[in-house]
Amino acid sequence: MILGEAVDEGLIGANPCRKLRISFEDRPERPHAATAEVDALAGRMSPDVGLMTITDASTGLRWGELAGLQWIRSYLDDDTPHIDIDPKFGALHEVRGRLELGPPKTPASVRTVHLPPFLADELRAHRDRNPDARLVFTGVNGGLHRRSNFRRRFWLLALARDKKKGWSPLNQELHFHDLRHTHETGRSRTTCPGSCG
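The paragraphs below set out a description of the structure included in this document. (Residues numbered from 1 in each chain as written. Predicted model: local features only at pLDDT ≥ 70, side-chain atom pairs only at ≥ 80, totals over all residues. Heavy atoms only, no water.)

### Some remarks on the layout of surface pockets
Part 1: Estimated volume of the largest pocket: approximately 280 Å³.
Part 2: Listing elements by their share of the lining of the largest pocket, those giving two or more residues are helix 4 (63-67) and strand 3 (91-95).
Part 3: It is strand 3 that contributes the most residues to the lining of the largest pocket, four residues altogether.
Part 4: Of the residues in the lining of the largest pocket, the class split is five nonpolar, four polar and six charged. (1 Å grid on protein atoms, 1.4 Å probe; cavity = no way out; pocket = protein on both sides within 12 Å on 5 of 7 lines; lining within 4 Å. Points joined across faces, edges and corners; volume = space filled by probe spheres on them. Helix = DSSP H or I, 4+ residues; strand = E, 2+ residues; numbered from the N terminus. Nonpolar A, V, L, I, M, F, W, Y, C, P; charged D, E, K, R; others polar.)

Shown next as structure tokens:
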């Protein structure tokens, strides 16, 4: 409307938004992974990366919270196993190509996340296999996970068809972030699928 009035007043020659149509239709809902899909994805990855996938589907952590999760914030041996998202260093961020720990996305993201018993067991076994690691989930050579590398090296390969391995393609529209929605809809598992490390 403002640009239309500017045309009427002779301030601009034409309204660049004249043919633009604004739609208020609901966006299509993102896909949710069923337990069988999470199991299949995890089974197509290395045990540590598969456990990262299962952890996301079971807890609803954001990518940065999961990739930046430190063992000192993981209370696996408590009566009620949980992890705490730290207000200062609770998420991994990529800033101008550099990876660094910093605050989570919002103040509400600072929280305690309770772990189902099977996941606490799997994370304890993972900790025992990686006794010197500072972070729960590490990338190549113990480094930090970079989202784009994770997607290319693990996620897309797990979704793809692989005739040699007998894999059918999985939902190609599924993003790692959709596992967070899987958790929010209550579709996360309650037992270990056998693909856990």
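### Brief notes about the packing of aromatic side chains
Part 1: Enumeration according to the criterion identifies five aromatic pairs in this entry.
Part 2: Their ring planes at 85 degrees and their centres at 5.4 Å tell us that Trp63 and Phe176 sit as a pair that is edge-to-face. Highlighted residues: Trp63 in helix 4 and Phe176 in the loop between helix 6 (147-159) and helix 7 (178-184), separated in sequence by 113 residues.
Part 3: We classify Trp63 as buried; its relative accessible area is 8%.
Part 4: On the basis of relative accessibility, which here comes to 9%, the residue Phe176 falls in the buried class.
Part 5: Taken together through their ring pairs, the aromatic side chains of Trp63, Phe150, Phe154, Trp155 and Phe176 make up a single cluster. (Phe/Tyr/Trp six-rings, centres within 6.5 Å; stacked < 30°, edge-to-face > 60°. Buried < 20%, exposed > 50% of the residue type's maximum accessible area, 1.4 Å probe, protein only.)

### Quick look at the environment of Lys88
Part 1: Tracing the chain through its elements places Lys88 in the loop between strand 2 (82-84) and strand 3.
Part 2: Assessed through its relative accessible area of 60%, Lys88 is described here as exposed.
Part 3: With 14 residues separating them in the primary sequence, Lys88 and Gly102 have C-alpha atoms 5.5 Å apart.
Part 4: What Lys88 contacts, discounting residues up to four positions off in sequence, is Gly102 and Pro103. (Contact = heavy atoms within 4.5 Å.)

### A few points about the packing of helix 2 (residues 35-43) against helix 3 (residues 47-59)
Part 1: Running from amino to carboxyl end, helix 2 crosses helix 3 at an angle of 155 degrees, the nearest separation of the two axes being 8 Å. With respect to each other, helix 2 and helix 3 are oriented roughly antiparallel. Pair helix 2 / helix 3 crosses with right-handed handedness. In contact with Val38, Leu41 and Ala42 of helix 2, helix 3 contributes Gly50, Thr53, Ile54 and Ala57. (Axes fitted to C-alpha atoms, helices over the stretch in contact; angles between N-to-C directions. Parallel < 35°, antiparallel > 145°, perpendicular 65-115°, else oblique. Left-handed = near helix turned anticlockwise from the far one by under 90°.)

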